[in-house]
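What follows is the residue order along each chain.
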Amino acid sequence: MHEWALAEAIIYTVTEIAEREQFKEVSRVNVKVGELQQVDLEIIKFALTQLKRGKLKNTEFRIEPVRARLKCRICEYVWDFNKNELDEEVAEAIHFVPEVAHSFIKCPNCGAQDFEFVEGRRMYIESVSGVR
Amino acid sequence: MLDPRIKAIEHRLSQVKNIIAVSSGKGGVGKSVVSSILALILSKKGYKVGLMDLDFTSPSTHLILGIKGLFPEEKEGIIPPTFEDIKFMSIVYFSKDKALSLRGQDFSDSFIEILAITKWNKLDYLILDMPPGINDATLDVIRYMRKVKFIIVTTPSILSFSTVKKLIDTLNTLKIEIIGVIENMKSDQTYSIGEELGEVKAKFLGEIPFDPELEKCFGNTKMLLTTKFSRELEKIVNEIRM
Ligand SMILES: Nc1ncnc2c1ncn2[C@@H]1O[C@H](COP(=O)(O)OP(=O)(O)OP(=O)(O)O)[C@@H](O)[C@H]1O
Ligand SMILES: [Mg+2]
Ligand SMILES: [Zn+2]
């Protein structure tokens, strides 16, 4: 599962923030995960419980999905990403590297592959709070 | 809005001793052949080698080496498949030979994504086949792979060399190490890059002649290693301490 690698990325980053902010303990981390990547949130949560230690031992991780929306750069049509419309191999490729969606997905309105991700492309850390 | 992938890259590359970008500025000068065969040569010498194709629009190292039917294993990240002892990563695993045109930010995002999840583990050399141009790939490699060193490929053409000079300037300004310049597809012409290099701050590593047998050997690593191209490249590799 590469969810594990993403969980590690969260841990590395939060650990660095905790050092920089001189937190004794990190109390809460909010993470948003874009649906385009079809990340298994349960696996991320599980991995985080396994990986957290030191200042992160008691951290509450809130992981929330963000709906993925795409916008055509040619005709400006906006649509929701729907995993169920893709075959399994394509869904898997997008899971690893979401940008390869440009090879497989077309604008439902005009057929162009020149689109942007309005939101829900990837994972980001929204906030980190801790005790000094 | 913090991107946790950036910090992960540092960890993923921490056990990689040398990162070498084979670059040019100019297209079609032999970057992909040099990086593929360089990976073969170093691996044959017993080093642990990784090869990463960063030409997302026209990946070609898999064609030169004859790599097919591989897919990375997903295990706490992704493990690059091994081809003749070389750990190989390319966008073709995911784009499946379909056209992939990426604008700047999309290129960066896929580059960062792959680096953040790929577990190279211990490597002596990670070779990067760079796309043509001095653009997103060049800047991202410099930004996210701090210890990268460059090998620059040029042909014996004033046009190619003038682009190469710009690349050398850019790298010098950014204080990025340049291992040196290889002059590829040399014929008996009079124009010599080696002589011109005096004026720029980069070492001349040597030349590789035009080798009419090269293309026939694509897809067959044993044959590739017997070409004139490989023998000359190996001489260059033996001369430099990378
Ligand atoms: N020394 C050589 N002798 C004969 N043919 C060569 C030599 N070097 C490269 N070639 C041929 O030139 C072509 C371009 O080489 P290659 O694809 O490696 O260049 P490149 O710089 O990677 O191109 P691009 O900028 O498109 O990525 C290929 O067909 C390759 O076989
Ligand atoms: Mg190339
Ligand atoms: Zn459209």
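All chains use their own residue numbering, which begins from 1 and follows the written sequence. Lettering of chains starts at A and numbering of ligands starts at 1, both following the order in which they are written. In keeping with the model being predicted, local features are shown solely for residues with a pLDDT of at least 70 and side-chain atom pairs are shown and tallied solely at 80 or more, while totals for entire chains, interfaces and linings include all residues. With hydrogens and water stripped out, all remaining heavy atoms of the structure feed into the side-chain values.

**Considering the overall build of chain A**
Strands here are runs of E lasting at least two residues and helices are runs of H or I lasting at least four, both read from the DSSP assignment and numbered beginning at the N terminus. Summing up its helical and strand segments, chain A has four helices and six strands in all. Taken from N to C terminus, the helices and strands of chain A fall in the order α-β-α-β-β-β-α-α-β-β. A buried classification covers 50% of the 132 residues belonging to chain A. Accessibility throughout is a Shrake-Rupley quantity obtained with a 1.4 Å probe, and a residue counts as covered only by protein chains that appear here. For chain A, the exposed surface amounts to about 6500 Å²; the carbon and sulfur share of it is 43%. Just so you know, the count uses Lys and Arg for positive and Asp and Glu for negative, and it drops His and the chain ends. By convention, the point assigned to a charge is CZ for Arg, NZ for Lys, CD for Glu and CG for Asp. Computed over 19 positive and 23 negative side-chain charges, the separation of the two mean positions in chain A equals 8 Å. Three exposure classes are used, based on accessible area relative to the maximum for each residue type with a 1.4 Å probe and protein chains only: buried under 20%, partly exposed in between, and exposed over 50%.

**A word on the coordination of the zinc ion (ligand 3)**
Residues and elements named next belong to chain A. For the zinc ion (ligand 3), the full set of protein donor atoms is Cys72 (SG), Cys75 (SG), Cys107 (SG) and Cys110 (SG), and the range of their distances to it is 2.3 to 2.4 Å. Any N, O or S atom lying within 2.8 Å of the metal counts as a donor, with the limit raised to 3.2 Å for Na, K and Ca; because water is left out of the atom set, some sites can appear incomplete. A site with four donors is called tetrahedral when every donor-metal-donor angle falls between 85 and 135 degrees; four donors are called square planar, and six octahedral, when opposite donors sit more than 155 degrees apart and all other angles fall between 65 and 115; any other arrangement is irregular. Note that the zinc ion (ligand 3) binds four donor atoms; their angles at the metal cover 105 to 115°, and the shape is tetrahedral. Taken in sequence order, the residues that donate to the zinc ion (ligand 3) follow the motif C-x2-C-x31-C-x2-C. The class for Cys110 is partly exposed, based on a relative accessible area of 40%.

**Brief notes about the site of ligand 1**
Residues and elements named next belong to chain B. Proximity is defined per residue: if any heavy atom of the residue lies within 4 Å of a molecule or strand, that residue is considered near it. Around ligand 1, the surrounding shell holds 18 residues, and the nearest of these are Gly28, Lys31, Val33, Asp211 and Glu215. Two N or O atoms count as a polar contact when they lie within 3.5 Å, although within protein this holds only if one can serve as hydrogen donor and the other as acceptor, and sequence-adjacent residues are included solely when both atoms are side-chain atoms. Contacts to ligand 1 include Gly30, whose backbone N or O atom sits 2.9 Å from an oxygen atom. The separation between an oxygen atom of ligand 1 and a polar main-chain atom of Val33 is 3.0 Å. Listed by contribution, the elements that provide at least two residues to the shell around ligand 1 are helix H2 (31-44) and strand S9 (177-186). No other element matches H2, which puts three residues into the shell around ligand 1.

**Observations regarding the side chain of Asp140(B)**
Tracing the chain through its elements places Asp140(B) in helix H6 (residues 136-144). Contact between two residues is taken to exist if any of their heavy atoms lie within 4.5 Å; hydrogens are not considered. Excluding residues within four positions of it along the chain, Asp140(B) makes contact with Phe107(B), Ser108(B), Phe111(B) and Met145(B).

**Here's the deal with a negative patch on the surface**
Residues and elements named next belong to chain A. A contiguous patch of negative charge on the surface is contributed by Asp87, Glu88, Glu89 and Glu92. For Glu92, the position within the fold is in helix H3 (residues 88-96). By relative accessible area, which is 31% here, Glu92 ends up partly exposed. Two joining distances apply to patches: 9 Å for like charges and 5 Å for nonpolar side chains (Val, Leu, Ile, Met, Phe, Trp, Tyr), and every residue must have over 30% relative accessible area and no salt bridge. Any Lys or Arg side-chain nitrogen located within 4 Å of an Asp or Glu carboxyl oxygen qualifies as a salt bridge.

**So, the sheet that holds strand S1 (residues 25-34) of chain A**
Residues and elements named next belong to chain A. Reading across the sheet, the three strands line up as S2-S1-S6 and stay open at both edges, with mixed pairing between neighbours. Where the open sheet ends on each side, the last strands, each with one partner, are strand S2 (60-66) and strand S6 (123-131). The sheet shows a mean angle of 15° between the axes of neighbouring strands, taken without regard to direction. Summarising the sheet, S1 and S2 pair through seven bridges and their orientation is parallel. Residue pairing for S2: Val31 is matched across the bridge by Ile63. Between the N-to-C directions of two axes lies an angle of 0 to 180 degrees, each axis being a line fitted to C-alpha atoms and, for a helix, fitted only over the stretch in contact. Its contacts with the sheet place helix H1 (residues 3-20) against S1, S2 and S6, and it is angled at close to 40° to S6. DSSP calls a pair of strands paired once it identifies at least 2 bridges connecting them.

**A short note on the side chain of Asp211(B)**
Residues and elements named next belong to chain B. Its location among the elements puts Asp211 in the loop between strand S10 (204-209) and helix H9 (221-226). Salt bridges are absent for the buried Asp211, whose nearest opposite-charge side chain, Arg231, sits at 7.0 Å. In this structure the side chain of Asp211 is engaged in a polar contact, spanning 2.9 Å, whose partner is the backbone nitrogen of Glu213. Beyond its immediate sequence surroundings of up to four residues, Asp211 is in contact with Thr227, Lys228 and Phe229.

**Considerations on the interface of chain B and chain A**
Of the residues lining the interface, 33 residues belong to chain B; the matching set on chain A comes to 35 residues. Buried area is understood as the total, over both parts, of accessible area removed when two parts are fitted together, assessed with a 1.4 Å probe. Roughly 3000 Å² of surface becomes buried between chain B and chain A when both sides are summed, with 62% attributable to carbon and sulfur atoms. At the surface where chain B touches chain A, the tally comes to seven salt bridges. The partner of Lys7(B) in a salt bridge is Glu16(A), and the shortest N-O contact between them spans 2.7 Å. For the pair chain B and chain A, the number of links is 15 residue pairs in polar contact (both at pLDDT 80 or more). Looking at the side of chain B that touches chain A, the elements that each hand over two or more residues are helix H1 (5-12), helix H4 (92-95) and helix H5 (104-117) of chain B. Residue contributions to the side of chain B that touches chain A peak at seven residues, all from H5(B). In the scheme used here, Gly and all other residues not listed as nonpolar or charged are polar, with Ala, Val, Leu, Ile, Met, Phe, Trp, Tyr, Cys and Pro taken as nonpolar and Asp, Glu, Lys and Arg as charged. Tallied by class, residues from the side of chain B that touches chain A come to 14 nonpolar, five polar and 14 charged.

In short, shape yes, function no, at least from these values alone.
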